[in-house]
Amino acid sequence: MSPSRRGDRKGGACGDGLRRFVAARSAALFRGALVLTGNRDAAEDLVQETLERTCRKWCTISAKDAPEAYVRRIMVNRCGYR
């Protein structure tokens with residue numbers, strides 16, 4: 001793993017951006033997951049799975065024009081696998 005990638009995982013610029021995104025949008029993501037699943041427990045699990053996948057690719061996702069839309073698409077795709 002390159003040093004820059006190790007730095008990202010320890011909380012570099014990408015990690016800080018992800019923390020801000022989660023703080024600002026996690027409630028909205030939960031509401032969307034609740035609509036998709038119809039169940040609070042399943043919605044919480046879906047948000048966690050979505051954010052786990054988002055975390056792996058956050059530097060790429062955050063560079064997109066609409067990162068929240070990209071994350072919501074991940075959530076919809078994950079819901080289809082349940």
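Our subject is the structure that appears above.
This text gives an overview of the structure that appears in the document. Throughout, residues of each chain are indexed from 1 in the direction in which the sequence is written. In keeping with the model being predicted, local features are shown solely for residues with a pLDDT of at least 70 and side-chain atom pairs are shown and tallied solely at 80 or more, while totals for entire chains, interfaces and linings include all residues. Where side-chain values are given, they derive from all heavy atoms of the structure, hydrogens and water being excluded.

Some words on the packing of helix H3 (residues 40-56) against helix H5 (residues 67-80)
Alright, step 1. To define axes, lines are fitted to C-alpha atoms, for helices over the stretch in contact only, and angles between the resulting N-to-C directions are given on a 0 to 180 degree scale. Helix numbers and strand numbers start at the N terminus; a helix is a DSSP run of H or I with at least 4 residues, a strand a run of E with at least 2. Look at H3 against H5: their axes get within 9 Å of each other, and the N-to-C directions meet at 125°. With respect to H5, the axis of H3 lies oblique. The interaxial crossing formed by H3 with H5 has right-handed handedness. Listed contacts from H5 to Leu 46, Glu 49, Thr 50, Arg 53 and Thr 54 of H3 are Val 71, Ile 74, Met 75, Arg 78 and Cys 79.
Alright, step 2. Taken together, the residues of the contact of H3 with H5 sort by class into five nonpolar, two polar and three charged. The cut-offs work like this: below 35 degrees is roughly parallel, past 145 is roughly antiparallel, 65 to 115 is roughly perpendicular, and the gaps in between are oblique. For a crossing to be left-handed, the near helix must be turned anticlockwise from the far one by less than a right angle; the clockwise case is right-handed. Residues are treated as being in contact if the distance between any of their heavy atoms lies within 4.5 Å. Only Asp, Glu, Lys and Arg are considered charged, only Ala, Val, Leu, Ile, Met, Phe, Trp, Tyr, Cys and Pro nonpolar, and every remaining residue, Gly among them, polar.

Some details on the packing of aromatic side chains
Alright, step 1. Aromatic rings from Phe, Tyr and Trp, with only the six-membered ring used for Trp, were paired whenever their centres fell within 6.5 Å, and each pair was classed as stacked if the ring planes differed by under 30 degrees, edge-to-face if by over 60, and tilted otherwise. This model, assessed by the stated rule, comprises one aromatic pair.
Alright, step 2. Considering the side-chain rings of Phe 21 and Trp 58, the 5.0 Å spacing of their centres and the 40° angle between planes classify their relative orientation as tilted. With a gap of 37 residues between them, Phe 21 in helix H2 (residues 13-37) and Trp 58 in helix H4 (residues 58-62) connect regions that are remote in the sequence.

Side note on the state of the cysteines
Alright, step 1. Pairs of cysteine sulfur atoms within 2.5 Å are what we label disulfides. Here the structure, examined in full by the defined rule, presents one disulfide.
Alright, step 2. In this model Cys 14 forms its disulfide with Cys 59; the gap between the sulfur atoms is 1.6 Å. Around the S-S axis, the bridge from Cys 14 to Cys 59 shows a dihedral of about 125° and counts as right-handed. In this pair, Cys 14 sits in helix H2 while Cys 59 sits in helix H4, placing the two residues 45 residues apart along the sequence.
Alright, step 3. Only protein chains enter the accessibility calculation, which uses a 1.4 Å probe. A residue is then buried if its area is under 20% of the maximum for its type, exposed if over 50%, and partly exposed in between. Under the relative-accessibility criterion, Cys 59 is labelled partly exposed at 31%.
Alright, step 4. Free of any disulfide, Cys 55 has its nearest cysteine sulfur in Cys 59, 9.6 Å distant.
Alright, step 5. A relative accessible area of 48% places Cys 55 in the partly exposed class.

Concerning H3
Alright, step 1. Here a helix's expected span is defined as the number of its residues, less one, multiplied by 1.5 Å. The terminal C-alpha atoms of H3 lie 25 Å apart, and with 17 residues this matches the ideal 24 Å at 1.5 Å per residue to within 8%.
Alright, step 2. Among all positions in H3, only Ala 42, Ala 43, Leu 46, Val 47, Thr 50, Leu 51 and Thr 54 are buried. Summarising the axial view, the buried residues of H3 lie within an arc of 165°, below the 170-degree limit, and thus occupy one face. Residues of H3 that are exposed and point over 90 degrees away from its buried face: Asp 41 and Gln 48.
Alright, step 3. If you follow the buried residues of H3, they end up packed against H2, H4 and H5.
Alright, step 4. The N-cap residue of H3 is Asn 39: its side-chain oxygen and the backbone nitrogen of Asp 41 are 2.8 Å apart. The directions from the helix axis to the C-beta atoms form the arc being described. Polar contact is the term for a pair of N or O atoms within 3.5 Å; when the atoms are in protein, one must be able to donate a hydrogen and the other to accept it, and sequence-neighboring residues count only if both atoms are side-chain atoms.

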